[in-house]
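Each chain is listed here by its residues.
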Amino acid sequence: GEYRRIHEKWMGVYGEGATFRQIAKYVAVVGGPLVALALLALVWSWGLRRQVSRRTAELAAVSRRQAAMLATVPEIVMEVDCAKVYTWANDAGMEFFGGDVIGKEAVHYFEGGSDIYRHVQPLFDGDDALIHVESWQRRRDGAKRLLAWRCRGLKDGSGKVLGALSTARDITEEKRAQEDLARV
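Which residues make up the overall build of the chain, and what are the values?
Counting its secondary structure elements, the chain contains five helices and five strands. In sequence order, the secondary structure elements of the chain are arranged as α-α-β-β-α-α-β-β-β-α. Taking 2.2 N^0.38 as the reference for a compact globule, 184 residues should give roughly 16 Å; the C-alpha atoms of the chain span a radius of gyration of 35 Å, well beyond that estimate. Oriented by its inertia axes, the alpha-carbon framework of the chain measures out at about 130 × 30 × 30 Å. In the chain, which comprises 184 residues, the proportion classed as buried is 21%. At a minimum sequence separation of 6, the contacts of the chain that also span at least 24 residues come to 40%. A total accessible area of about 13,300 Å² is found for the chain, and carbon and sulfur atoms account for 59% of it.

As structure tokens, then:
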């Protein structure tokens, strides 16, 4: 009888299984917290989706507003990367240089010997100054025009230089008027 008692104690009685009540208890103890965690994760995920959706809509509205503002600016606004290749232009820039300006190096539009790169190099070296330069540029129709540029470096959040953002105004007629006045 001692062997049977030890066997039943440690191995259980053969043929006896867990009752439905015991199984339900184990499922409730283990499954309950898992279901609660899954529901919590579902609610959290739903809240994040709503927040991301709301923020995305806000950013889209800001982006549309900024695009509208830049489209109404009469001056040329151009962005170049560190290789001095045009990466973005507002409507006035596209109108002046042509629709194929994006992807072209800025020097492609310079007229005559220009040392603009030397003047703006400090921006690409990390200088935060606003640099003013004048240069003769070729318009999309081939006309040679004098542009007054205001250039500032573009940096990422860590301070790494990404390129430069420049605005330009066509001052050709102003210069001609000044020269005519000087001759009088």
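Which residues make up the sheet that holds strand 2 (residues 86–89), and what are the values?
The sheet built from five strands is open, its strands ordered 2-1-5-4-3 with antiparallel pairing. In the strand order of this sheet, the two ends are held by strand 2 and strand 3 (131–138), each with one partner. With direction set aside, neighbouring strand axes in the sheet form an average angle of 30°. Most of the contacts of helix 4 (residues 116–124) go to strand 3, to which it runs at about 135°, and overall it touches strand 1 (76–81), strand 3, strand 4 (144–155) and strand 5 (161–170).

Account for the pattern of salt bridges, naming residues and giving values.
Pairing between side chains of opposite charge can happen when their charged atoms approach one another. Taken as a whole and assessed by the stated rule, the structure comprises 14 salt bridges. One salt bridge connects Glu-111 with Arg-138, and the closest N-O pair in it is separated by 3.2 Å. Taken together, the residues span a long stretch of sequence, with Glu-111 in the loop between helix 3 (91–97) and helix 4 and Arg-138 in strand 3 at a distance of 27 residues. Between Arg-176 and Glu-173 there is a salt bridge whose closest N-O contact spans 3.3 Å. Of this pair, Arg-176 and Glu-173 both sit in helix 5 (residues 172–183), three residues apart, roughly one helical turn. With a relative accessible area of 40%, Arg-176 lands in the partly exposed category.

Lay out the packing of aromatic side chains in plain terms, naming residues and giving numbers.
One pass over the structure, following the stated rule, counts six aromatic pairs. Ring plane angle 35° and centroid distance 5.8 Å describe the contact between Tyr-86 and Phe-97, whose orientation is recorded as tilted. Within this pair, whereas Tyr-86 is found in strand 2, its partner Phe-97 is found in helix 3, the two being separated by 11 residues in sequence. Geometrically, the ring pair formed by Phe-96 and Phe-97 is edge-to-face, given 4.8 Å between the ring centres and 75° between the ring planes. Comparing Phe-96 with Phe-97 shows no difference in burial state: the two are buried. An aromatic cluster is defined as three or more aromatic residues linked by ring pairs; in this entry it consists of Tyr-86, Phe-96, Phe-97, Tyr-109 and Trp-149.

What counts and how
- Residues numbered from 1 in each chain as written.
- Predicted model: local features only at pLDDT ≥ 70, side-chain atom pairs only at ≥ 80, totals over all residues.
- Heavy atoms only, no water.
- Helix = DSSP H or I, 4+ residues; strand = E, 2+ residues; numbered from the N terminus.
- Rg over C-alpha atoms; globule rule 2.2 N^0.38 Å.
- Buried < 20%, exposed > 50% of the residue type's maximum accessible area, 1.4 Å probe, protein only.
- Contact = heavy atoms within 4.5 Å.
- Areas by Shrake-Rupley, 256 points an atom, 1.4 Å probe, with all protein chains shown as cover.
- Pairing = 2+ DSSP bridges.
- Axes fitted to C-alpha atoms, helices over the stretch in contact; angles between N-to-C directions.
- Salt bridge = Lys/Arg side-chain N within 4 Å of Asp/Glu carboxyl O.
- Phe/Tyr/Trp six-rings, centres within 6.5 Å; stacked < 30°, edge-to-face > 60°.

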